[in-house]
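The primary structure of each chain is shown beneath.
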Amino acid sequence: MEQYKVGIAGVGRVASTFEEDDFRIKPASHAGAYALNPRTRIIAGACRSEEKAIRFMERWQVERVYFDKN
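Residues numbered from 1 in each chain as written. Predicted model: local features only at pLDDT ≥ 70, side-chain atom pairs only at ≥ 80, totals over all residues. Heavy atoms only, no water.

Looking at this model, I keep getting lost on the nonpolar core. Mind explaining?
Counting twelve residues, the largest nonpolar core consists of Val6, Ile8, Val11, Ala15, Ala31, Ile42, Cys47, Ala53, Phe56, Trp60, Val62 and Val65. Every element with two or more residues in this core is listed here: β1 (4–9), β2 (40–47) and α2 (50–60). The element that contributes the greatest number of residues to this core is α2, accounting for three residues. If we skip the residues at most four places from it in the chain, Ala15 touches Ile8, Gly10, Ser29, His30, Ala31 and Phe56. (Core = buried A, V, L, I, M, F, W, Y, C linked by side-chain atoms within 4.5 Å. Buried < 20%, exposed > 50% of the residue type's maximum accessible area, 1.4 Å probe, protein only. Helix = DSSP H or I, 4+ residues; strand = E, 2+ residues; numbered from the N terminus. Contact = heavy atoms within 4.5 Å.)

How should I be thinking about the sheet that holds β1 in this particular structure?
Each strand in a sheet pairs with another by means of backbone hydrogen bonds, the pair being arranged parallel or else antiparallel. Here three strands make up an open sheet; going across it, the order is β1-β2-β3 and the pairing parallel. With partners counted over all chains shown, the strands left at the sheet margins are β1 and β3 (64–67), one partner each. For this sheet, the mean inter-axis angle between neighbouring strands, taken without regard to orientation, is 20°. Where β1 lies against β2, six bridges are found, and the strand directions are parallel. Within β2, the residue paired with Lys5 across the bridge is Arg41. (Pairing = 2+ DSSP bridges. Axes fitted to C-alpha atoms, helices over the stretch in contact; angles between N-to-C directions.)

For this particular structure, what's the right way to read unusual backbone geometry?
For residues besides glycine, phi is generally negative; the peptide bonds are generally trans as well. Here the amide bond leading from Lys26 into Pro27 is cis, since omega sits at 0°, within 30 degrees of zero. Examined against the element boundaries, Pro27 turns out to sit in the loop between β1 and α1 (30–36). Phi at Gln61 is positive, roughly 50°, even though this residue is not glycine. Accessibility expressed as a relative area gives 62% for Gln61, which makes it exposed.

Quick look at the structure:
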């Protein structure tokens, strides 16, 4: 089975943290949907915030994240 590698630009609410909202049906985010699909693997994320990028990496076991160092 072919596997698709996914990179997500902007790792905030819609991309990731909607999963933390108890009132939402899961999956509720882009990352949540990709994580449930056995044919996809999230390999990268990008965000302006270093803190959000690292949180995304830890939550979804992502290999690489990129953020604005300015």
